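So you can see what is in the structure, the chains are spelled out below.
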Amino acid sequence: MRFDRMSGLDQEQLDELEQIVSELLGEPWDKGNGRPRELSLREALIVTSGYARNNITEEIWAEIFDVDQSTISRHITFLTPLIEQATAEFRPSAEEAAEAVKGAIALVDGTLWPCWSWSGERELWSGKHKTTGHGSLIITNRSGDIVFVSEPVPGNRHDMAKLKASGCEAILKAAGGVVGDKGFIGTDYITTPVRKPEDRDLYIREHDYNNQVSSLRAPVERAVANLKAWRILFTDYRRPLKTFLSSFRAAIGMCFFKLSFA
């Protein structure tokens, strides 16, 4: 089987991840006595990273590896926090991001990581996206290289509200210039498109200006799309809501972990 396509990681990357996770375990995955585990550590990592990469149901993973669905669920639950921990060093800190964009042009965009509509979790509803989820800000350079992904917050938080709470404002103010979308209108340091006035259409020069801003913003939009190649960030999150933050950090960590091999 093509485990690289299933997991999102190639053989070398899986080798490295397996080594790091093995050290975090503190004891051998297979102790050599008692009932053997249904999956090897390698297979369990493929399932867990593959769940983040493809977000297919646990029942299908169980069919692929010929085990019970409960076995798949148990391994994902156990290994996701370990992958989060193993890849934490690859997720840029706010300080590292500020240094990366210092004096240069930075691009910023907000996005939503969708999830199921859990009863009683009204703050997850995003009026902008017309669905439930968690939101983050993504910062890139002009080439579209991701330098920072903010921690997720409930979907009802506006992009402007995320700036101060996420630490992104300090990063962006260290840059030589910042380009964003209309969600950032009102800041004095982010270049944004012109909003259409209520009493008239945009002038031709304003249309041209907005087209220029959109062209500048294209790399950050592509970067967001690349992040969402980890389908757990693109399609509805199905696991218990309390596990989302760990799953999010693990997926973002694996994205940067994979990029470190480039």
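Read on for an overview of the structure. (Residues numbered from 1 in each chain as written. Predicted model: local features only at pLDDT ≥ 70, side-chain atom pairs only at ≥ 80, totals over all residues. Heavy atoms only, no water.)

### Description of a negative patch on the surface
The line we're drawing: Patch definition: residues above 30% relative accessible area lacking any salt bridge, with like charges linked at up to 9 Å and the nonpolar side chains Val, Leu, Ile, Met, Phe, Trp and Tyr linked at up to 5 Å. The accessible surface values rely on the Shrake-Rupley method and a 1.4 Å probe; as for residues, cover is taken only from the protein chains in view. Any Lys or Arg side-chain nitrogen found within 4 Å of a carboxyl oxygen on Asp or Glu counts as a salt bridge. Neither His nor the chain termini are counted; the positive set is Lys and Arg, and the negative set is Asp and Glu. Taken as the charge centre is NZ of Lys, CZ of Arg, CG of Asp or CD of Glu, depending on the residue. Here a helix means four or more residues in a row that DSSP labels H or I, a strand means two or more in a row labelled E, and each is numbered from the N terminus. We call a residue buried when its accessible area falls under 20% of the maximum for its residue type, exposed when it is over 50%, and partly exposed in between, using a 1.4 Å probe and counting protein chains only.
Taken together, the side chains of Asp10, Glu12, Glu16, Glu23 and Glu89 present a region of like negative charge at the surface. With respect to the element layout, glutamate 23 can be found in helix H2 (residues 11-25). A residue is classified by how much of its surface remains accessible, and glutamate 23, at 56% relative accessible area, is exposed.

### Observations concerning the packing of aromatic side chains
Keep this limit in mind: When two rings of Phe, Tyr or Trp (its six-membered ring) have centres within 6.5 Å they constitute a pair, described as stacked for plane angles under 30 degrees, edge-to-face for angles over 60, and tilted for the intermediate range. When the NZ atom of lysine or the CZ atom of arginine is within 6 Å of a ring's centre and also within 35 degrees of its normal, the charge is said to sit over that ring.
Taken as a whole and assessed by the stated rule, the structure comprises eight aromatic pairs. Between tyrosine 237 and phenylalanine 244, the aromatic rings sit 5.2 Å apart at their centres with planes inclined by 85°, giving edge-to-face as the arrangement. Residues phenylalanine 257 and phenylalanine 261 carry aromatic rings whose centres are separated by 5.1 Å and whose planes lie at 75° to one another, so their mutual orientation is edge-to-face. Here the aromatic residues Trp113, Tyr237, Phe244 and Phe248 are joined through ring pairs into a cluster of three or more. For the cation-ring pair, arginine 37 lies above tryptophan 29, with the distance from its terminal atom to the ring centre recorded as 3.9 Å. Against the face of tryptophan 230 rests arginine 53, its NZ or CZ located 4.8 Å from the ring centre.

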